[in-house]
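Take a look at the letters that make up each chain.
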Amino acid sequence: MTSLRHTNSDTNNRLFQKLALLTVVVVYVLIIIGGIVRSTGSGMGCPDWPKCFGSWVPPTEVSELPANYQEIFGAKLKGEVEFNVVKTWTEYLNRLFGVFTGLLIFATLLASIPFLKRDRPIFYMSLLAFLLVGFQGWLGAKVVSSELAPVMVTLHMLLAIVIVFVLIYTMARSYVGDVQLVEIKKKTFINKWLIWTLILSLVQVLLGTQVREVMDVAIKELGEAGRNQWIEHLGVKFYIHRSYSILLFGLHVGLLYWLRKAASQSGIIYKLTLALLVMVIIEIATGIIMAYWSVPAFAQPLHLTLATIALGLQFVLLLLINAEVVFNKRQLFTTENINA
């Protein structure tokens, strides 16, 4: 009987781990899609919520709309009173994928129920993620009704990052014991360095949303024909965002340097930090591409996605470095020879 119970526990644990990992990946895909919506100016492709042009399945051509659709929806189309099938379906598919993400998070919640008997925080964090996704859906409706008000867009982005952190914590907790960690020297110092890196990286992401909002104004004034002038019209926010990246690059280089001295280079913590630095370099490169090559559409969602993945990796590192405390587990670390 004990063996059967143990087998069922292992099966439930593996199922939850797979669902949790898939959910994190899908949430990041949703962020990519959101970036595409933003970069293509499709945020108001559907001027109403939850329907799109008053229908659960949006039209594919203007003839499917009422003759007076411009009067009906014109006030909400942010000045764009002509139906655009590409923008409409881009936003609609974004909503559909958001619903799919919500269902997947609900499945993760159901899979977390067995943990009520052995690790309750996994269930409660899964429940929190599900509730936050519901709130995110409501906030998305407010983003539309506010006609993409800057504050609402920023809150929408910030909540997406919070949801990612909750899901990452839940997934990481379920993997505790499956990953061998190496003891780290100077943990207090490295923790402070990492926490400041994470906080300042989050500030940079929020600054990026402000820059995007200024760019929306430039796009409206100059149009696609003036794409090569968009950057020139971004003002001081853009230059702060650009210069700020130098500080963040230095912080990540420093983090890798200190971990190289304090942790085994063969361990998962050092490898994740190295991957994080590479990701930051690529992210900065996409920013340079946007600044000097007239903001190509592909670079904008990629830039945002890399930034959010970097935040996720920073949070994972914080959890792993402090695994014994944040997961309330013991004997997670092994001692290896570390460079002095």
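Placed above this text is the structure.
Each value, and the rule that gives it
Residues numbered from 1 in each chain as written. Predicted model: local features only at pLDDT ≥ 70, side-chain atom pairs only at ≥ 80, totals over all residues. Heavy atoms only, no water. Helix = DSSP H or I, 4+ residues; strand = E, 2+ residues; numbered from the N terminus. Contact = heavy atoms within 4.5 Å. Axes fitted to C-alpha atoms, helices over the stretch in contact; angles between N-to-C directions. Parallel < 35°, antiparallel > 145°, perpendicular 65-115°, else oblique. Left-handed = near helix turned anticlockwise from the far one by under 90°. Nonpolar A, V, L, I, M, F, W, Y, C, P; charged D, E, K, R; others polar. Buried < 20%, exposed > 50% of the residue type's maximum accessible area, 1.4 Å probe, protein only. Core = buried A, V, L, I, M, F, W, Y, C linked by side-chain atoms within 4.5 Å.

Participant: I'd like a description of the side chain of Thr 101, backed by residues and values.
Facilitator: Locating Thr 101 in the fold gives a position in helix α3 (residues 85-111). Beyond its immediate sequence surroundings of up to four residues, Thr 101 is in contact with Val 26, Val 27 and Leu 30.

Participant: So what's going on with the packing of helix α7 (residues 236-262) against helix α8 (residues 268-292)? Which residues, and what values?
Facilitator: Where α7 meets α8, the axes come as close as 10 Å, and the angle between the chain directions of the two elements is 160°. When the axis of α7 is compared with that of α8, the two are roughly antiparallel. Regarding α7 and α8, the two cross each other, and that crossing is left-handed. On α8, the residues that touch Phe 238, Arg 242, Ser 245, Phe 249, His 252, Val 253, Leu 255, Leu 256, Leu 259 and Arg 260 of α7 are Ile 269, Tyr 270, Thr 273, Leu 274, Leu 276, Leu 277, Val 280, Ile 281, Ile 284, Ala 291 and Tyr 292. Residue classes in the contact of α7 with α8 are distributed as 16 nonpolar, three polar and two charged.

Participant: Hey, could you go over unusual backbone geometry for me, with residue numbers and the actual values?
Facilitator: A positive phi is found at Phe 53, a non-glycine position, where the angle reads about 55°. Positionally, Phe 53 belongs in the loop between α1 (2-39) and α2 (69-73). Looking at Phe 53, the relative accessible area reads 7%, which means it is buried.

Participant: So what about the environment of Gly 226? Which residues, and what values?
Facilitator: Mapped onto the secondary structure, Gly 226 falls in the loop between α6 (187-222) and α7. For the pair formed by Gly 226 and Ser 294, sequence separation is 68 residues and the distance between their alpha carbons is 9.2 Å.

Participant: Requested: an account of the nonpolar core, with residues and values cited.
Facilitator: Within the largest apolar cluster, 59 residues are counted, with the highest numbers of intra-cluster contacts made by Ile 168, Ile 184 and Leu 259. For this core, the elements supplying multiple residues, two or more each, are α1, α3, α4 (120-145), α5 (150-175), α6, α7, α8 and α9 (299-321). When residues in this core are grouped by element, the largest group, 14 residues, is from α5. Not counting the four nearest positions on each side in its chain, Leu 259 is found in contact with Ile 184, Ile 190, Ile 269, Tyr 270, Thr 273 and Ile 321. Core analysis: the next-biggest nonpolar cluster, separate from the first, contains ten residues, Met 215, Leu 234, Val 295 and Ala 299 among them.

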